[in-house]
Amino acid sequence: MSDAEIFENENPFEIHFGYEIKKWEEDYVRIDVPLRHFHMNMYNRPHGGVYTSLLDSVMGLCGFKSKSFSGIRKGLTLSCTVNFHGVPQDDILIGEGFRTGGGKSIYFCRGQVSDGHGHLLAESTGTFRYRQGA
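Everything numeric in this text was worked out from a predicted model, so none of it was measured. (Residues numbered from 1 in each chain as written. Predicted model: local features only at pLDDT ≥ 70, side-chain atom pairs only at ≥ 80, totals over all residues. Heavy atoms only, no water.)

(A) A look at the side chain of aspartate 32. Tracing the sequence through the fold places aspartate 32 in strand S2 (residues 28–34). You can call aspartate 32 buried: its relative accessible area is 4%. For aspartate 32, the residues in contact, after removing those within four places along its chain, are Gly18, Tyr19, Glu20, Lys22, Ile92, Leu93 and Ile94. (Helix = DSSP H or I, 4+ residues; strand = E, 2+ residues; numbered from the N terminus. Buried < 20%, exposed > 50% of the residue type's maximum accessible area, 1.4 Å probe, protein only. Contact = heavy atoms within 4.5 Å.)

As C-alpha cells, then:
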C-alpha cells in the first residue's frame with residue numbers, strides 16, 4: 001500500500017480539510033494546509049480546531065512509519081495537548097509531527113504548526129496507540 005493510498009482512501013476529513021502531504025518518512029511527517037474561508041473563525045483567523053486537527057493528524061501519521069519496526073502500523077489518538085502561540089501572517093499552515101518514542105503498542109509524539117514565514121503558531125504533545133492488526 002502506498003503513502004497516497006493510506007492517506008487518500010481512509011480519511012475523508014483530511015481530504016476535505018485540504019491537507020497536502022509534503023514529506024512523510026520514518027518518525028516524521030509534514031502536512032501543509034492552504035487556508036480557506038471554512039477554516040476561519042468569526043475574527044477571520046484560523047479556528048483553534050484547525051490547529052488541533054492538523055496537530056493530531058501530523059502526530060498520528062508520523063508514528064505510522066518508524067525505524068523501530070518494518071512496514072506501516074496505523075494508530076489511534078489517546079491524548080493530545082495543544083498550546084497556541086500566534087496567528088499566521090500568510091495563508092498557509094505547515095504542520096510537522098515527530099515521533100519521540102514508544103514501544104510495541106504505544107507511541108509518543110510532538111507536533112508544531114507554523115506559517116509560511118516560519119512563525120510558530122501552535123505546539124502539541126500526544127500519546128497514540130497502534131491499532132491491532134493494522
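Anyway, onward from the coordinates.
(B) Seen up close, the nonpolar core. Grouped together as the largest cluster of nonpolar side chains are 26 residues, with contacts concentrated most on Val29, Ile31, Leu54, Leu93 and Val113. Looking at this core, the elements with two or more residues in it are S2, helix H3 (48–62), strand S5 (106–115) and strand S6 (120–130). Considering each element in turn, this core owes the most residues, eight residues, to H3. Non-local contacts of leucine 93, meaning those with residues more than four positions away in its chain, are made with Ile31, Asp32, Val33, Leu35, Val50, Tyr51, Leu54, Pro88, Val113, Ser114 and Leu121. (Core = buried A, V, L, I, M, F, W, Y, C linked by side-chain atoms within 4.5 Å.)

(C) Representation of the environment of leucine 54. Within the secondary structure layout, leucine 54 lies in helix H3. By relative accessible area, leucine 54 is classed as buried at 1%. Through-space distance from the C-alpha of leucine 54 to that of glutamine 112 is 9.0 Å; in sequence the pair is 58 residues apart. Not counting chain neighbours up to four residues away, the residues in contact with leucine 54 comprise Tyr19, Ile31, Val33, Leu93, Ile94, Gly95 and Val113.

(D) The packing of aromatic side chains, seen in detail. One pass over the full model with this rule turns up eight aromatic pairs. Each ring, one from phenylalanine 17 and one from tyrosine 19, has its centre 5.6 Å from the other, and the planes form 80 degrees; the classification is edge-to-face. On the basis of an interplanar angle of 55 degrees and a centroid distance of 5.2 Å, the ring pair of tyrosine 28 and phenylalanine 98 is categorised as tilted. A residue pair is termed long-range when its members are at least 10 positions apart, and tyrosine 28 in strand S2 and phenylalanine 98 in strand S4 (residues 92–102) qualify at 70 residues. Each member of the pair tyrosine 28 and phenylalanine 98 is classed as buried. Over the aromatic face of phenylalanine 69 sits the side chain of arginine 73, whose NZ or CZ is 5.2 Å from the ring centroid. (Phe/Tyr/Trp six-rings, centres within 6.5 Å; stacked < 30°, edge-to-face > 60°. Lys NZ or Arg CZ within 6 Å of the ring centre and 35° of its normal.)

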